[in-house]
Number of protein chains: 2
Amino acid sequence: MVRTVGTPLDLRNIHVNDPFWKGEMELVRREVIPYQWNAINDRVEGAEPSYAMRNFKIAGKITAARKEQGAAYKEVIWPTNIFRPIPEDADHMEDRFYGFVFQDTDFSKWIEAVGYSLLQHPDPELERTADEAIDIVCAAQQPNGYLDTYYIINDMSKVFTNLKDYHELYCFGHLTEGAVAYYQATGKDKLLNAARRFADFVYSKFGREEGQIKGYPGHEIAEMALVRLYEVTGEDRYLELSKYFIDERGQHPYYFDKEHPDEAKRHGDAEWYHYYQAHRPVRQQDEATGHAVRAVYLYSGMADVARLTSDEELYKACLRLWDSIVNRKMYVTGGIGATNHGEAFLYDYELPNDLAYSETCAAIGLVFFARRMLQIDVDSKYADVMERALYNTVLSGMALDGKSFFYVNPLEVRPEACHKDERKFHVKPVRQKWFGCACCPPNIARLVSSVGAYAYTESDDTLFTHLYVGGTIEKDYSGTKVVWDVDSDLTGSGKIKITCREVSKADGAARDMTLALRVPDWCEFYNLNCGPYPHELKKGYEYISGSFKQGDVIEIEFKKSVRILESSSAVAEDHGKVAVSYGPFVYCIEEADNGRDLHMVSVCTDASKTRLGKLTIEGSEVTTIVLPGKREKAKTGALYQAYTKPEYDDCELTFIPYYTWANRGEGEMRVWVNR
Amino acid sequence: MVRTVGTPLDLRNIHVNDPFWKGEMELVRREVIPYQWNAINDRVEGAEPSYAMRNFKIAGKITAARKEQGAAYKEVIWPTNIFRPIPEDADHMEDRFYGFVFQDTDFSKWIEAVGYSLLQHPDPELERTADEAIDIVCAAQQPNGYLDTYYIINDMSKVFTNLKDYHELYCFGHLTEGAVAYYQATGKDKLLNAARRFADFVYSKFGREEGQIKGYPGHEIAEMALVRLYEVTGEDRYLELSKYFIDERGQHPYYFDKEHPDEAKRHGDAEWYHYYQAHRPVRQQDEATGHAVRAVYLYSGMADVARLTSDEELYKACLRLWDSIVNRKMYVTGGIGATNHGEAFLYDYELPNDLAYSETCAAIGLVFFARRMLQIDVDSKYADVMERALYNTVLSGMALDGKSFFYVNPLEVRPEACHKDERKFHVKPVRQKWFGCACCPPNIARLVSSVGAYAYTESDDTLFTHLYVGGTIEKDYSGTKVVWDVDSDLTGSGKIKITCREVSKADGAARDMTLALRVPDWCEFYNLNCGPYPHELKKGYEYISGSFKQGDVIEIEFKKSVRILESSSAVAEDHGKVAVSYGPFVYCIEEADNGRDLHMVSVCTDASKTRLGKLTIEGSEVTTIVLPGKREKAKTGALYQAYTKPEYDDCELTFIPYYTWANRGEGEMRVWVNR
């Protein structure tokens, strides 16, 4: 039966001190969160303004006026567009909504990251700033609970009339996620209550009853956000609403057809709602299609609802969709969504490296989905994907100094193409400061600062260790509180030492306690030393059980070796090429280390020839992999000429972890290298 | 000094009987021209209507009414769009303009092909049909000479107000080309006179005088059309107007800025007119950029004007642009314009095979440009490119049965991508019946049926043989008329026999006569037997001179061998791959002969292992090239796995001429094959 076998570790019960992750979290705390706060207040020079806080303030004024004047308040209306650009005369902006329809979420993701960060690193000033921001946001809420500035400012009569394109329920979902996180971190419930009132309003408006809207979000996230709200409040109706959105999605006749009859007429009855994953009921879907971020957000919500309602059929759909992604549509970096057309999944095995989309947010969504699948079935295959996406594409999304970001994470770059070939304009050779559509930077911030919730899940009697993020962990084994010190050097030596620092037997009885340690897919050999306790390997986890005592030490060492990988032959793009990985990291070659024209080099496929090295990139020391290679001598005479046998120069190729690429200026890069 | 060293052979002086080209011309005559006539009269079921003749008829009615009513005639006006789609109720179409703004050219290209065809194959019924069509077209002409149905029907007050996008001067140019051809073929001057009156009107409107428009065509062709009109009429003002358009193009301030101030404001002063080759004065251009068809049409006109006005500076620009194309931006098939974004040239050496655009019309334009360069400098490098484009991309544009056409000519196709990957939707895996924007099929028709004008040029004392299209040729050597029988088997054995059938010494005196025979770039060895006459190789041509006598036989045999080609190392896309050619034909492998997953096969690069074969494709017997190859055994386990040494099965790879691909249904195809 589908049921919960693990819940994420409450972030109050983990204090991260992992050398690798602590650094990433500090970057988020010191760089990203303050930068983001400036960005959402339009104070970053040279960056596209967000307008997020400005919109909330204007909405607040309108809400106040409305409360005073009642229904007589005149609505401000203009032709609605998905994006309202910067006015030419920025000094004379009107009291109108500016930016994208989903601009509110800039705040929501920021407050979520702030919440997680405060848990790891209390900061009264940041908390005060956050509280003030929350005051501004809550002031915009309508008496009925509605809280989306685009409609509050523009025209309340249009609320929920364009679910397909206007991201209203997406804004609702993000607000809810942010509110839950901030509440969990601080215990302050002002924003949570606002989210609840908004949720109650949504609940009242959507459903199968007479007079209710039989619709669902154009951009998913509300599904999983409602589950979080349910889990924190215990209110069944939020779970019910999530399940409703999931079950209603893709039903015939299409709700989006009803909402947009002209478009529907134009497109006929073909299954053209793939982009929205609304082409057929989700239970009947078996291929991951359409906008990749939306897709994995939806699947995450589906897994949540399947788990909480023991819905076998829905879970089977999740299994099929998981299989579709990870076995046919995922880059070796854990990136998904191969095409910029619709930021979407391509067909099976079509994974272009240079034209890749592989949006940072989509990899983040895949981490969400993987964690939720792990909550149902503790199988390391889910954690393997989670790790792959997290250590490679998600981290690639942020510069090593935390100051610039990738939206798109290609696996092959020639900078000239990014500048001159329109088909590759979405691929940037260096990270950008901020985007008008700023989904990725704050999404990285909220994931990195909550990484503990992905590293560990727990059941009553077991602590599941998925990612080995080092830190101090408190685990309540049915009343017995154990404090574990996880001393992890996963990204370095591969050695993990877990010490039982404290056992507080609440009821004095000895208990069976279990520690489940994941064995990563990249590890062929490992040493486990768990002293007197028995261990058993199940679905890629070593289960160590016993009555742990203070001072117990469990050690596991994952032997790391350089792995030369190849794709399935079905991936034409990668044919004749190999990728290199080491531990959780996928590697790449860059022009900075290997010169230009990387298409002319080939790498020795004998991993035993590897020499490990060190390199400092933007202040971070990384392990390099040096392999023998060959560089074909260039023939640059005529454009076409009679073939002659190529000649080669021996060379050494220096590989760096993919997530560290493009931290040394513009240059060529390749993950898949000719063999 | 830049001057004319050759003019195309007057088509009245060549009767083609070449086994290869006669077949192609017959296809055009029997299939394309009648089909096209039906198409431009909207009588082809299942094809997008052209509306061309319908628009002319409506324009004719309007013109008649206007003549009757004088200026009081009310203009029909509606918001103008570049394309007016089919009305929902096709039975109740209004008397309005339908189709693309350039739809008139469907007729113009048709009448041009008809003209050439009538020369080779008199056909009174076709000529009657053509005369009737000309009556319809001429009836639409305004009293002032103007003749573009889009504006005649819609709003004459808008004439010449949108040169950038509305193809008015493009329609004028094509009409002129058609009129000249029909006049040359039949001696009938009704359409020619209409074109002259239109040209006179254009001449009066454009120029640097007060009150004249200082503009130039958005889509070029008028430049070379005006030169043809000048050459047939001897009127200097047409050459002058062509030169004006060329010289005015790209001058600062930009005319298109003046025409579209809003757009100009949006784009700033950056060089964003590359698409139109109007980013800077043409004399300063040194890189082929923008829309490829427009570009080569412009360059053709530039070469014409440079030649006729002995303009060294303009000729140097032509040389630079030629170099840019053929040494850095041309596919091995002679295709140009690598990207569908703007149907344009990409940057140097960026020649994607699967995403290629390589429009048929662009290859045709390259043939035009090459012939014009040959008229200035008889260097076989121009004819080599002309041949490459003609025998490969141009012919690929038409099915072997003459019934369907390619707009786009990719060098690598996986049909699944064409159906499922939006970035490749422009690539069709099989030819289409007709296009709404039907530039390519009639463009093939007019080129194929006038191929003699590309195969031969002449000066007073020399007949230049560029392409060895077999036939009977009359050449006037300064008064001495010689009839040559060219018996060519270039596409077969490579043997050409040229017999002097007749010599009529007009003045009784012996004369120095020369026959210049091109030695193709693909030929390493050839045997020339020119009897008693001396010969000399200059710039890739064997010049044979003497007082030819009746019965003289000159034989040249071009030894053909299979050539394994590679690209410059700068073309990353082709790295590790080779292409195969034989004679003028570039070859490819198709799924029909070699199975699926062509990325898994590699070919032996030792040409001596070749076996020639025969294959009948759609009724045509073609020479195949069979080479040993290897097929890598597929590994289809996981999406990513540890690399293992590949295993191979030996196989034979069958190559067919590129122009015959996709005549056996949908399947994979590759020109560049792994080595």
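Keep in mind the model is a prediction, meaning the values are calculated, not measured.

A. Quick peek at the environment of A:Leu192. Residues and elements named next belong to chain A. As for its placement among the helices and strands, Leu 192 is situated in helix H7 (residues 190-205). Exposure remark for Leu 192: the relative accessible area of 4% places this residue in the buried category. As for Leu 192 and Thr 233, which are separated by 41 residues in sequence, their C-alpha atoms are 9.5 Å apart. With residues up to four places along the chain from it excluded, the contact list for Leu 192 reads Ala 179, Val 180, Tyr 183, Leu 229 and Val 232.

B. The sheet that holds strand S9 (residues 480-488) of chain B, seen in detail. Residue and element names in this part refer to chain B. Read from one edge of the open sheet, 6 strands run S2-S8-S9-S10-S15-S12, paired in antiparallel fashion. At either end of the open sheet lies a strand with only one pairing partner, and these are strand S2 (14-16) and strand S12 (526-529). The mean angle between the axes of side-by-side strands here comes to 15 degrees, regardless of whether they run parallel or antiparallel. Pairing geometry for S9 and strand S10 (residues 495-505), over 9 bridges, is antiparallel. Bridging from a neighbouring strand, Ser 488 pairs with Ile 496 of S10.

C. Representation of the interface of chain B and chain A within the structure. At the junction of the two partners, chain B supplies 58 residues and chain A supplies 58 residues. For the pair chain B and chain A, the summed buried area comes to about 4600 Å², and 53% of that belongs to carbon and sulfur atoms. For the pair chain B and chain A, the number of links is 6 salt bridges. The residue A:Arg675 makes a salt bridge to B:Glu632 at a minimum N-O spacing of 3.1 Å. At the junction of chain B and chain A, the tally comes to 30 residue pairs in polar contact (both at pLDDT 80 or more). The element contributing the most residues to the side of chain B that touches chain A is strand S16 (residues 562-567) of chain B, with 4 residues. A class-by-class count of the residues in the side of chain B that touches chain A yields 28 nonpolar, 14 polar and 16 charged. Judged from the 3 bridges that link them, strand S22 (residues 640-642) of chain A and S16(B) form a sheet pairing that is antiparallel. The partner of A:Tyr640 across the bridge, within S16(B), is B:Ser567.

D. Spotlight on the relation of the copies chain B and chain A. Overlay of chain B on chain A (RMSD 0.0 Å): rotation 180 degrees, translation along the axis 0.0 Å. Both copies of the chain, as the preceding transformation shows, are related through a two-fold rotation axis. The C-alpha atom lying nearest the rotation axis in chain B is that of B:Arg423; the distance is 4.0 Å. A share of 100% of the interface residues of chain B reappears at the interface of chain A, consistent with the copies meeting face to face through the same patch.

E. Seen up close, the sheet that holds strand S15 (residues 553-558) of chain A. Residue and element names in this part refer to chain A. One open sheet holds the 6 strands; their spatial order is S2-S8-S9-S10-S15-S12, and the pairing between them is antiparallel. If you trace the sheet from one side to the other, it starts and ends with strand S2 (14-16) and strand S12 (526-529), each paired once. Strand-to-strand twist across the sheet, computed as the mean angle between neighbouring axes with direction ignored, equals 15 degrees.

F. Structural detail: the pairing of strand S7 (residues 462-465) of chain A. Residues and elements named next belong to chain A. What you see with S7 is no split at all: Thr 462 and Phe 464 on one side and Leu 463 and Thr 465 on the other are buried throughout. Across 3 bridges, the pairing between strand S6 (residues 456-458) and S7 is antiparallel. By the bridge assignment, Thr 457 is partnered in S7 with Phe 464. Where S6 folds back on S7, the antiparallel hairpin that results is connected by 3 residues. Examined bridge by bridge, S7 and strand S11 (residues 513-518) share 4 bridges and lie parallel to one another. When the sheet's bridge partners are listed, Thr 465 is paired in S11 with Leu 517.

G. Local environment of the packing of helix H6 (residues 168-186) of chain B against helix H7 (residues 190-205) of chain B. Residue and element names in this part refer to chain B. At a minimum axis separation of 8 Å, H6 and H7 run at an interaxial angle of 145 degrees. With respect to the hand of their crossing, H6 and H7 are arranged in left-handed fashion. Between H6 and H7, the residues in contact are Leu 169, Phe 172, Leu 175, Thr 176, Gly 178, Ala 179, Val 180 and Tyr 183 and Leu 191, Leu 192, Ala 195, Phe 198, Ala 199 and Val 202, respectively. Residue composition of the contact of H6 with H7, by class: 12 nonpolar, 2 polar and no charged.

H. Seen up close, H7(A). Residues and elements named next belong to chain A. The first and last C-alpha atoms of H7 sit 23 Å apart over 16 residues, in line with the 22 Å expected at 1.5 Å per residue. Looking at the buried positions of H7, the neighbouring elements they touch are helix H3 (104-120), helix H4 (124-139), helix H6 (168-186), helix H8 (222-233) and helix H9 (236-248). Looking one or two residues past H7, Gly 207 carries a phi angle of roughly 155 degrees, positive in sign.

I. A negative patch on the surface, seen in detail. All names here are of chain A. A cluster of like negative charges, contributed by Asp 460, Asp 461, Asp 476 and Asp 512, occupies part of the molecular surface. With respect to the helices and strands, the residue Asp 461 is situated in the loop between S6 and S7. For Asp 461, a relative accessible area of 37% corresponds to the partly exposed category.

J. Layout of unusual backbone geometry. Residues and elements named next belong to chain A. Here the amide bond leading from His 252 into Pro 253 is cis, since omega sits at -10 degrees, within 30 degrees of zero. With respect to the element layout, Pro 253 can be found in the loop between H9 and helix H10 (255-259). The phi dihedral of Ser 310 is positive, around 50 degrees, even though this residue is not glycine. By the secondary structure assignment, Ser 310 is in the loop between helix H12 (292-308) and helix H13 (312-328). Not every positive phi belongs to a glycine, and Lys 539 is a case in point at roughly 45 degrees. Mapped onto the elements, Lys 539 comes out in the loop between strand S13 (535-538) and strand S14 (541-546). For Lys 539, a relative accessible area of 48% puts it in the partly exposed group.

K. Molecular detail of the side chain of B:Thr333. Residues and elements named next belong to chain B. Inspection of the secondary structure puts Thr 333 in the loop between helix H13 (312-328) and helix H14 (360-376). Relative accessible area serves as the criterion here: at 0%, Thr 333 is assigned to the buried category. Leaving out residues up to four positions away in the same chain, Thr 333 has contacts with Arg 388, Ala 389, Asn 392, Thr 393, Leu 411, Val 586 and Tyr 658.

L. Representation of helix H1 (residues 19-40) of chain A. Residue and element names in this part refer to chain A. Helix length check: H1, at 22 residues, gives a terminal C-alpha distance of 30 Å against a target of 32 Å (1.5 Å per residue), a fit within 8%. Where H1 bends most, at Val 28, the angle is about 35 degrees. Two to three positions downstream of the cap, the backbone nitrogen of Phe 20 sits 2.8 Å from a side-chain oxygen, assigning the N-cap of H1 to Asp 18. At the exit of H1 stands Asp 42, carrying a positive phi of roughly 60 degrees.

What counts, and where the lines are drawn
Residues numbered from 1 in each chain as written. Chains lettered and ligands numbered in written order. Predicted model: local features only at pLDDT ≥ 70, side-chain atom pairs only at ≥ 80, totals over all residues. Heavy atoms only, no water. Helix = DSSP H or I, 4+ residues; strand = E, 2+ residues; numbered from the N terminus. Buried < 20%, exposed > 50% of the residue type's maximum accessible area, 1.4 Å probe, protein only. Contact = heavy atoms within 4.5 Å. Pairing = 2+ DSSP bridges. Axes fitted to C-alpha atoms, helices over the stretch in contact; angles between N-to-C directions. Buried area = accessible area lost by both parts, 1.4 Å probe. Salt bridge = Lys/Arg side-chain N within 4 Å of Asp/Glu carboxyl O. Polar contact = N/O pair within 3.5 Å; in protein donor to acceptor, adjacent residues only side chain to side chain. Nonpolar A, V, L, I, M, F, W, Y, C, P; charged D, E, K, R; others polar. Least-squares fit on C-alpha atoms with pLDDT ≥ 70 in both. Left-handed = near helix turned anticlockwise from the far one by under 90°. Expected span 1.5 Å × (residues − 1). Patch = residues over 30% accessible without salt bridge, like charges linked within 9 Å, V, L, I, M, F, W, Y side chains within 5 Å. Areas by Shrake-Rupley, 256 points an atom, 1.4 Å probe, with all protein chains shown as cover. Lys, Arg positive; Asp, Glu negative; His and termini not counted. Charge placed at Lys NZ, Arg CZ, Asp CG, Glu CD. Bend = angle between axes of the 7 residues up to and from the residue.

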